[in-house]
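Spelled out from the first residue to the last, the chains are:
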Amino acid sequence: MASVSLRHMYKKFPGGVTAVADFCLEIKDKEFLILVGPSGCGKTTTLRMIAGLEEITEGELFIGDKLVNDVAPKDRDIAMVFQNYALYPHMTVYENMAFGLKLRKVTKEEIKRRVEEASRILAIEHLLDRRPKALSGGQKQRVALGRAIVREPKVFLLDEPLSNLDAKLRASMRTELTKLHQKIGTTFIYVTHDQVEAMTMASRIVVMKEGLIQQVDTPQNLYDYPVNLFVAGFIGTPMMNFIEGTIEKKGSDLYFTFGSNSIKLPPEKSNNSDLQDYIGKAVIGGLRPETIHDEPMYLSQLADSVIDAKVEVTELMGNEIFLYLIAEEQPIIARVSPRSTATAEETIKIALDVTRIHIFDKDTEKCIVH
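To start, this report covers the structure provided alongside it. Just so it is clear, the model here is predicted, and its values are computed rather than measured. (Residues numbered from 1 in each chain as written. Predicted model: local features only at pLDDT ≥ 70, side-chain atom pairs only at ≥ 80, totals over all residues. Heavy atoms only, no water.)

1. Points about the overall build of the chain
So the rule is basically this: Here a helix means four or more residues in a row that DSSP labels H or I, a strand means two or more in a row labelled E, and each is numbered from the N terminus. For every residue, the accessible area obtained with a 1.4 Å probe (protein chains only) is divided by the maximum for its type, and the residue is called buried under 20%, exposed over 50%, and partly exposed between those limits. Contacts: residue pairs with any heavy atoms within 4.5 Å of one another.
Per the secondary structure count, the chain includes eleven helices and 21 strands. Principal-axis analysis of the C-alpha atoms gives the chain an extent of 80 × 45 × 35 Å. Within the chain, the fraction of its 370 residues that count as buried is 51%. By sequence separation, contacts in the chain at least 24 residues apart represent 66% of the contacts at least 6 residues apart.

Below, the structure written as structure tokens:
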């Protein structure tokens, strides 16, 4: 098993394109770390630098205590699982899983032991004599994972391994991957653009944008304490609502004002010294959809922060309803109880739970107060 240390790593391509800039990260032994971000943010390039498939332009990469910048991919003791499975079509499942071990001159008895053990972990013992064309997408993915497991590497690298699967299978494979990580106790470094995958599987998440790390933290901390607008908007489904407004002071209290609405902020936010500097200035208020309510109980409990909003669309999700609203020309999404009676085109009252509001600097986009 091994930790992975990335120290001030850069990847620059010809033509002045910097895909990854000053990437610094310590990945703990046995950690399940996920790199997440939109397409083109540099997450796959980072993974490929760890694998040795991309040359590191600047910086240092350590696997365990060993500097591996100039070590060939085959000698890094890592195994990579690709998005497209990359199985050999003319080989059986057993032969696919055994191929890398044969190249390393591992004995037949040891190959048999490792393949049988991996196939048992992944529940694919009954598929060992089949060829890839006879497998479903989920089965192919398990074989690709099995081929990596038999290597018994220090580090697993997974590049969007679930992106070719349908929604139901993706959900079950997320669970299987989490179980697999717990069983084999190896360091996992996983790349995805799907923040649901990241939130459900990772011990820590790295959020990337344009080659730069935005924030590294546990899934819950990223959700509750995003450092900037990008992280706040990227993590969470539906995404956080962003409302443009200003901070105003009335007596000893601070208010978040937008349009004709002026909402009193709770004392723990009003007393924040950083927020005092924004009195009279434009800011962006961030509220998660689940902090916006239309039930009578909340309307009475949160009477100081009730506003009018027009319902544009309602989406019944079974155990909840998403309300797509407009308030003071600003779009708002609310995640409400399935008992909600709101209908399209009507104007309703909604209560904002401002104890959970995030205030962002409009210019720097950094979070001022959570």
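Picking up after the structure, the text goes on.
2. Things to note about the pairing of strand β19 (residues 347-352)
The condition is simple: Pairing between two strands is assigned when DSSP locates at least 2 bridges connecting them.
Pairing between strand β15 (residues 292-293) and β19: two bridges, direction antiparallel. Each residue of the ladder has a partner; that of isoleucine 292, found in β19, is leucine 352. For strand β16 (residues 306-316) and β19, the ladder comprises five bridges, and the chain directions are antiparallel. Across the sheet, valine 306 pairs through a bridge with alanine 351, a residue of β19.

3. Observations regarding the nonpolar core
Operational definition: Buried residues of nine kinds, namely Ala, Val, Leu, Ile, Met, Phe, Trp, Tyr and Cys, make up a nonpolar core once their side-chain atoms join them within 4.5 Å.
Counting 46 residues, the largest nonpolar core has Met97, Leu145, Leu158, Leu177, Leu180, Tyr190 and Val207 as the members making the most contacts within it. With five residues, helix α4 (residues 137-149) is the single largest residue contributor to this core. In this structure leucine 180 touches Ile121, Leu122, Leu145, Ile149 and Phe188, once residues within four positions along its chain are discounted. Residues Leu254, Tyr278, Ala309 and Ala334 belong to the second largest nonpolar core, which totals 31 residues.

4. As for unusual backbone geometry
Cis geometry marks the peptide bond from threonine 237 to proline 238; its omega dihedral reads -10°. For proline 238, the position within the fold is in the loop between α8 (229-234) and β11 (241-250). Unusually for a residue other than glycine, histidine 8 sits at a positive phi of about 50°. For histidine 8, the position within the fold is in strand β1 (residues 4-13). For histidine 8, a relative accessible area of 46% corresponds to the partly exposed category. The backbone of glutamate 152 sits at a positive phi, close to 50°, despite the residue not being glycine. Mapped onto the elements of the fold, glutamate 152 is located in the loop between α4 and β7 (155-159).

5. So, the sheet that holds strand β5 (residues 66-67)
Quick reminder of the rule: Axes here mean lines fitted to C-alpha atoms, for a helix over just the part in contact, with angles spanning 0 to 180 degrees between N-to-C directions.
Spatially, β2-β1-β4-β5 is the arrangement adopted by the four strands of the open sheet, whose pairing is antiparallel. Every interior strand has two partners, whereas the edge strands, β2 (17-27) and β5, have only one. Bridge count between β1 and strand β4 (residues 58-63): five bridges; the pairing is antiparallel. Pairing of valine 4 across the sheet is with isoleucine 63, part of β4. Relative to the sheet, helix α1 (residues 43-51) contacts β1, β2 and β4, its axis offset from that of β1 by approximately 115°.

6. Thoughts on the environment of isoleucine 279
Secondary-structure assignment places isoleucine 279 in the loop between α10 (273-276) and β14 (282-287). Isoleucine 279 sits 32 residues away from isoleucine 247 along the chain, and the two C-alpha atoms are 4.9 Å apart. Contacts of isoleucine 279, omitting those with residues within four sequence positions, involve Ile247, Lys249 and Leu254.

7. Focus on the packing of aromatic side chains
We count it as follows: For Phe, Tyr and Trp, where Trp contributes only its six-membered ring, two rings pair if their centres lie within 6.5 Å, and the inter-plane angle classes them as stacked under 30 degrees, edge-to-face over 60, or tilted in between.
Summed over all chains, the structure comprises seven aromatic pairs. With a centroid separation of 5.2 Å and an interplanar angle of 45°, the aromatic rings of phenylalanine 32 and phenylalanine 188 are classed as tilted. With phenylalanine 32 in strand β3 (residues 32-36) and phenylalanine 188 in strand β8 (residues 187-192), this pair connects stretches of sequence that are 156 residues apart. For phenylalanine 188, a relative accessible area of 1% gives the class buried.

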